[in-house]
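# Tertiary structure, described
As a plain string of letters, each chain reads:
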Amino acid sequence: MKVRSIQIMIVCLALFLSERTYGEEVLSKGTNRIVAVVDNEIITQLELEHKKAFLLHQIKQMQADSRDISEEEQRKIEKELIEKLIVNKLIMQEAKRQNIVVTEEEINEKIESVRRRFPNEESFRKNLQQAKLTIEDLKESYEYELIMHKVFFNKARGEITVSPREIEDFYKQHRTDLKEQERVKLRNIFIRKTGRLPEEISRKLDSVMTALKEGLSFEETVKKYSEGANAIMGGEMGEIRRGELSPNIEGIIFNLKQNGVSDWIETESGFYLFKMEENIAARPLSFSEAQGQIRTLLLNRKMDERFSIWVAKLKERAYIEIVETNPSTSRGASE
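Criteria and thresholds
- Counting from 1, residues in each chain are numbered in the order their sequence is written.
- Selection of residues for local features in this predicted model requires a pLDDT of at least 70, selection of side-chain atom pairs for listing and counting requires 80 or more, and totals for whole chains, interfaces and linings are taken over all residues.
- Water and hydrogen atoms play no part in the side-chain values, which are based on all heavy atoms of the structure.
- The axes are straight lines fitted to the C-alpha atoms, using for helices just the contacting stretch, and the angles between their N-to-C directions are given from 0 to 180°.
- We count a stretch as a helix when DSSP gives it H or I for four or more residues in a row; a strand needs E for two or more, and each element gets its number in order from the N terminus.
- Orientation is classified from the angle alone, with under 35 degrees giving roughly parallel, over 145 giving roughly antiparallel, 65 to 115 giving roughly perpendicular, and any other angle giving oblique.
- With the far helix as reference, a near helix turned anticlockwise by less than a right angle produces a left-handed crossing, and one turned clockwise produces a right-handed crossing.
- The contact criterion used is simple: two residues touch if any of their non-hydrogen atoms lie within 4.5 Å.
- Each residue is assigned to one class: nonpolar for Ala, Val, Leu, Ile, Met, Phe, Trp, Tyr, Cys and Pro, charged for Asp, Glu, Lys and Arg, and polar for all the others, Gly among them.
- Per residue, pLDDT captures the predictor's confidence, and it can take any value from 0 to 100.
- Counted as a polar contact is a pair of N or O atoms within 3.5 Å, where, for protein atoms, one must be capable of donating a hydrogen and the other of accepting one, and residues adjacent in sequence contribute only when both atoms are in side chains.
- By this rule the span expected of a helix is its residue count minus one, scaled by 1.5 Å.
- Partly exposed residues are those whose accessible area sits between 20% and 50% of the maximum for their type, while under 20% is buried and over 50% is exposed, using a 1.4 Å probe and protein chains only.
- Within this analysis, the arc is defined by the directions that extend from the helix axis to the C-beta atoms.
- Two strands pair under a simple rule: DSSP has to find at least two bridges between them.
- Side-chain atoms within 4.5 Å are what join buried Ala, Val, Leu, Ile, Met, Phe, Trp, Tyr and Cys residues into a set we call a nonpolar core.
- Between the rings of Phe, Tyr and Trp (Trp by its six-membered ring), a pair exists once the centres lie within 6.5 Å; its type follows the angle of the planes, with under 30 degrees stacked, over 60 edge-to-face, and the other angles tilted.
- Any Lys NZ or Arg CZ that is within 6 Å of a ring centre and within 35 degrees of that ring's normal is treated as a charge sitting over the ring.

## What to know about the packing of helix α7 (residues 135–159) against helix α12 (residues 287–316)
At their nearest, the axes of α7 and α12 sit 11 Å apart, and the two run at 130° to each other. Relative to α12, the element α7 lies oblique. Both α7 and α12 take part in a crossing whose hand is right-handed. On α12, the residues touching Met148, Val151, Phe152, Phe153, Ala156, Arg157 and Glu159 of α7 are Met303, Arg306, Phe307 and Trp310. Partitioned by chemical class, the residues of the contact of α7 with α12 number eight nonpolar, no polar and three charged.

## Notes on the confidence of the model for the chain
Residue-level pLDDT values for the chain average 84, and 85% of them are 70 or greater. Ranking the elements of the chain by mean pLDDT puts helix α1 (residues 6–9) last, at 39, and helix α8 (residues 164–174) first, at 97. With pLDDT under 50 throughout, residues 325–335 is counted as low confidence; its partners more than four residues away or in other chains account for 20 contacts.

## A closer look at the side chain of Arg187
Here Arg187 lies in strand β4 (residues 183–192). Among the polar contacts listed, one links the side chain of Arg187 to the backbone oxygen of Gly234, at a separation of 3.1 Å. Residue contacts for Arg187: discarding those within four places in its chain leaves Phe218, Glu219, Met233, Gly234, Gly235, Glu236, Met237, Leu273, Phe274, Lys275 and Glu277.

## A word on helix α5 (residues 104–115)
Taking 1.5 Å of rise per residue, the twelve residues of α5 would be expected to cover 16 Å, and the 16 Å separating its terminal C-alpha atoms lies within 8% of that figure. Regarding α5, the residues found buried are Ile107, Ile111, Val114 and Arg115. What you see down the axis of α5 is that its buried residues fit within an arc of 100°, all on one side. Exposed residues lying more than 90 degrees from the buried face of α5 are Glu105 and Glu109.

## Structural notes on the environment of Ile240
Structurally, the position occupied by Ile240 is in strand β5 (residues 236–241). A residue is classified by how much of its surface remains accessible, and Ile240, at 1% relative accessible area, is buried.

## Section: unusual backbone geometry
The phi dihedral of Asn99 is positive, around 55°, even though this residue is not glycine. Among the secondary structure elements, Asn99 is positioned in the loop between α4 (71–97) and α5. Judged by relative accessible area, which is 66%, Asn99 ranks as exposed. Despite not being glycine, Asn259 shows a phi value in the positive range, around 65°. If you trace the backbone, Asn259 turns up in the loop between α11 (247–253) and β6 (265–266).

## Overview of the packing of α4 against α12
Axis separation between α4 and α12 bottoms out at 10 Å; the angle between their running directions is 80°. Taken as axis vectors, α4 and α12 run roughly perpendicular relative to one another. Contacts between α4 and α12 involve Glu83, Val87, Leu90, Ile91, Glu94 and Arg97 from the first element and Phe307, Trp310, Val311, Leu314 and Lys315 from the second. Of the residues assigned to the contact of α4 with α12, the class counts are seven nonpolar, no polar and four charged.

## Examining the pairing of strand β2 (residues 41–44)
Here strand β1 (residues 34–38) runs beside β2; their pairing, made up of four bridges, is antiparallel. Across the sheet, Ile34 pairs through a bridge with Thr44, a residue of β2. Counted along the chain from β1 to the antiparallel partner β2, the turn is two residues long, and its residue Asp39 has a positive phi close to 55°.

## Notes on the nonpolar core
One finds Ile86, Ile91, Phe152, Ile294, Phe307 and Trp310 to be the most contacted residues of the largest nonpolar core, which totals 58 residues. If one sorts the elements of this core by residue count, α7 sits on top with eleven residues. The next biggest cluster of nonpolar side chains, apart from the first, holds 13 residues, and it includes Ile249, Ile253, Leu256 and Met276.

## As for the pairing of strand β7 (residues 270–280)
In terms of burial, β7 is largely enclosed, as eight of its eleven residues are buried. Pairing geometry for β4 and β7, over ten bridges, is antiparallel. Within β7, the residue paired with Arg192 across the bridge is Gly270. Relative to β7, β6 runs antiparallel, the two being bridged by two bridges. Paired with Glu266 across the two strands is Phe271, which belongs to β7.

## Describing the sheet that holds β5
The sheet built from four strands is open, its strands ordered β5-β4-β7-β6 with antiparallel pairing. Each edge of the open sheet is held by one strand with a lone partner, namely β5 and β6.

## Things to note about the packing of aromatic side chains
A complete count under the given rule lists eight aromatic pairs for this structure. Ring geometry for Phe152 versus Phe153: centroids 4.9 Å apart, planes at 75°, classification edge-to-face. Between Phe190 and Tyr272, the aromatic rings sit 4.7 Å apart at their centres with planes inclined by 40°, giving tilted as the arrangement. A residue pair is termed long-range when its members are at least 10 positions apart, and Phe190 in strand β4 and Tyr272 in strand β7 qualify at 82 residues. By the burial criterion, Phe190 is buried, and Tyr272 matches it. Taken together, Phe152, Phe153, Phe307 and Trp310 form an aromatic cluster joined through their ring pairs. Geometry around Phe254 places Arg242 over its ring, the cationic atom sitting 4.1 Å from the centre.

What follows is the structure, encoded as structure tokens:
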């Protein structure tokens, strides 16, 4: 995609946002008990709920329906978040031990790289607001990302190699799976729900459909009615590959015919209308086309393996205790 929403670009980084996000909502939930101890630091229920609230918001944004996330799913998310927060604490502690710091200039450069993906400052700010994030949130997220690279990834990347033989062997074993994925070029119209009565939303949706039926082009209809950040570009979304959107939305989009327009698709934030500009079929990749992709895949696999080993070593020398409702499920680890 030429322009991605900030929600997608930083969804992983956002797990480590400051405790301002969703503050009032979480504070209203009650006590702020300790949920985990990592050496001389703690992870609180308040901190966990902030991250959980943000992640649930992101998941709902990408759903094609407005169904609630089940309690079982939320418990699974919470368990995974606690583990991520523990790893986060360990990495930040290791960075302190190594006297690793990140400068304001480095953080601002990352912010600017995101800003340049948008046509103008208004579009950038609008996406930020829709994601319920602030510039300060982005700064804290990118500070963590930069520290991660300095404390682990930069060094590990220089020590990991992939040989030509490994690439050739992988291609031979997975030739049938290596394809240029099917992709589509789309435009969309977005009508927000927040702060509106159903009657007002319905009128806006009807106005869009009336304009299209009366012959106004989709692009001009976008500019006139859409409230999405890409409205200034006629709703252009660039190329979308399978797997980049939620399965429900993807199933609708990839079944559209050339120049076809979908029905309204409701999400938590609003209603989307998509137009198919072009469908580019999947095709097999030659070895020369695939080798760069294979090399990156194998490097990432080796990097993941090394990262897991590195984190395991950090855990071995740390004291970690997860405090749960059932005391028998708590665990501790120390040197």
